[in-house]
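Geometric and topological summary
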2 protein chains.
Amino acid sequence: MSVCLWVCLFSFWVNDPPFGLIIHGGAGTIERHKMSADLDAEYRRALKTALAAGYEILQKGGSCEAAAIATIKSMEDSPLFNAGRGAVFTNNGKNEFDASIMLGTGEAGACAGVRNIKNPILLAQAVMNSTPHVMLAGDGAVAYARELGLEFETDSYFFTEKRWKQLKKAKVKEKEQSHDNKWRKFGTVGVVALDKQGHMAAATSTGGLTNKQFGRIGDSPIIGAGTYCDNETCGVSGTGQGEFFMRSVVAYDVAALIKYKGMRLQEAVDEAIRKLSDKKGSGGLIAMNTKAEIAFSMNTKGMYRGYRISDGRHVVQIYGDEH
Amino acid sequence: MSVCLWVCLFSFWVNDPPFGLIIHGGAGTIERHKMSADLDAEYRRALKTALAAGYEILQKGGSCEAAAIATIKSMEDSPLFNAGRGAVFTNNGKNEFDASIMLGTGEAGACAGVRNIKNPILLAQAVMNSTPHVMLAGDGAVAYARELGLEFETDSYFFTEKRWKQLKKAKVKEKEQSHDNKWRKFGTVGVVALDKQGHMAAATSTGGLTNKQFGRIGDSPIIGAGTYCDNETCGVSGTGQGEFFMRSVVAYDVAALIKYKGMRLQEAVDEAIRKLSDKKGSGGLIAMNTKAEIAFSMNTKGMYRGYRISDGRHVVQIYGDEH
């Protein structure tokens, strides 16, 4: 091999540090035999589209923040995921969103209990970049979004037949005082992105729980519970039964296990899910570090997920048995 | 010494495990030379009253939960602290409360952005005990409080001259676009209580930031940020610049330093405050474990604080130089 080629390869290695992203589109009782071939393909397509949205930005040298936002926006715009357009319905037939973003350098922003905002993740980003605060909620947060000129949509934009049926079913189950919580549909979308500059961003967005009442806030907008990011340890996004993630401060726990116990990324993510199982909680986690190592873990039957890394790894998966 | 006396002492030791509580009433630029003797005495009296409210319950064998609630309620009912009655004013001249409670066994409840509720901590407790959720916010949370029959108060109940003046001053500073954030009055009340059964509860309540806008939520209602409790490690309540506590997941970090790094209680609390200082954040922490060890730390000039333990330790302090 000529010296020139070696120099070339060396320069490639020096100039092109690894970059990429990992995403999830919610975890739950997602089973192969209950999914039509068409729907299966549709979900995989949507996951690939979301990965591409972020990857293209990273490839061009864009920031992890821009990539994370573009990825979440893509999933919020899809009617398939419980975030933005595809959000579940609250008890009074409305859609209510929570979202958060955190950078590996420590900045963070979140919004909770907001309505009619097309892309709640853009509001979380604005809270991070343009206010001294970390979290804005409810009417105040919506007023701030209007002041910023963010895009709003009418209720009909957020209407999907599937979610409406889930609400009707949930109300029947509620009347029956069912202790089976499976009708409480939840779901989330999340991302961790690593850019060429070696910085990370993690973000999460959700429509919460079907039939939720009384302004319930879950883990997705909570830094430490549903989202956490630190360039020294890892970026994390969670999905599942939010209350369990909040009580166990799951996303930060993954970072603490790495930082204080010296665990590897996959080990830490597995340990956090093991502890979640011990407490009878269910859900999944994705994580990534600045070495472009990725990890995911879940104790549910499936989790919509995928990753695309500059070294060529490019995968989308749905069921628990896909490796 | 007679055998009888030894038996007596042994039975005292067996039957009376340690119990007690530690509290704070906010940290900040509290300086001796700016405080009148009367006001100093008034604060110390209020801290003693709050300690007594919880201690009496613990002494009679009551639960840490009941003691924590009674203690916070006492401080929420005082016009001196930024919680309940003495809350600061929002930008539009209202009072808006956040509160949370967590038990050492893992249950947790919180409310955020609620108005006119006399004792926000009672709503947080109800969220923990009577809903499947951890956090309710805004109008939904207020509707739930009405359904529960919690006590409401008119705006005039929450009016204090001092807080009104702080709002007016804050608005002037805002117009001047002052970068001096000292006018942004904050403050919190918090408690960690240990009962005779060896269980702990931690709770925090606040009126947030003077002149706050857009439904800003701070660290006080966030499990992991402003409040955390676990019988295996410690209970923690924080007070200070909430956004810094949220981004660093401070309350859970104290527990993680003990659990994963083997730090002692005081060491962990000091380390969390050192990290807060590194990030230019300011505030204070109180913590306690099931051995009735207590710890506090702050990087502010003062923190209203106190503790009362069954072994006779009974202290209230205000300034940073009191030990």
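An account of the accompanying structure is given in this report. (Residues numbered from 1 in each chain as written. Chains lettered and ligands numbered in written order. Predicted model: local features only at pLDDT ≥ 70, side-chain atom pairs only at ≥ 80, totals over all residues. Heavy atoms only, no water.)

**A few points about the sheet that holds strand S10 (residues 283–288) of chain A**
All names here are of chain A. As a reminder of what qualifies: Following DSSP output, two strands are said to pair if at least two bridges run between them. A helix here means a DSSP run of H or I that spans at least four residues, while a strand means a run of E at least two residues long, and both kinds are numbered starting from the N terminus. Angles here are taken between N-to-C directions and fall from 0 to 180 degrees, while the axes themselves are lines fitted to C-alpha atoms, restricted in helices to the stretch in contact. Contact between two residues is taken to exist if any of their heavy atoms lie within 4.5 Å; hydrogens are not considered.
One open sheet accounts for four strands, arranged S8-S9-S10-S11; its pairing is antiparallel. In the strand order of this sheet, the two ends are held by strand S8 (227–229) and strand S11 (294–298), each with one partner. Between one strand and the next, the sheet's axes are offset by a mean angle of 10 degrees, whatever the strand orientation. In this structure, S10 lies alongside S11, joined through five bridges in antiparallel fashion. Directly across from Gly284, in S11, lies its bridge partner Met298. Helix H8 (residues 250–261) contacts S8, strand S9 (235–240) and S10 of the sheet and is inclined by roughly 30 degrees relative to S8. Strand contacts of helix H9 (residues 265–278): S10 and S11, with the helix running at about 15 degrees to S11, the strand carrying the most contacts.

**So, the environment of Gly281(A)**
Residue and element names in this part refer to chain A. Rules: Relative accessibility under 20% of the residue-type maximum defines a buried residue, over 50% an exposed one, and the middle range a partly exposed one, all with a 1.4 Å probe and only protein chains included.
Relative to the helices and strands, Gly281 resides in the loop between H9 and S10. Overall, Gly281 belongs to the buried group, its relative accessible area being 4%. The spacing of Gly281 and Phe244 is 37 residues in sequence and 5.7 Å in space, taken between C-alpha atoms. Leave out the neighbours within four places in its chain, and Gly281 touches Gln241, Phe244, Leu276 and Asn299.

**Describing the environment of Asn289(B)**
All names here are of chain B. Let me state the cut-off plainly: For the purposes of these results, a polar contact is taken to be a pair of N or O atoms within 3.5 Å, where, inside protein, one atom must be able to donate a hydrogen and its partner to accept one; residues adjacent in sequence count only when each atom of the pair is a side-chain atom.
One can find Asn289 in the loop between strand S10 (283–288) and strand S11 (294–298). When neighbours within four sequence positions are excluded, Asn289 is seen to be in contact with Leu194, Met200, Thr233, Cys234 and Leu265. Within the structure, Asn289 has its side chain in polar contact with the backbone nitrogen of Lys291 (distance 3.0 Å).

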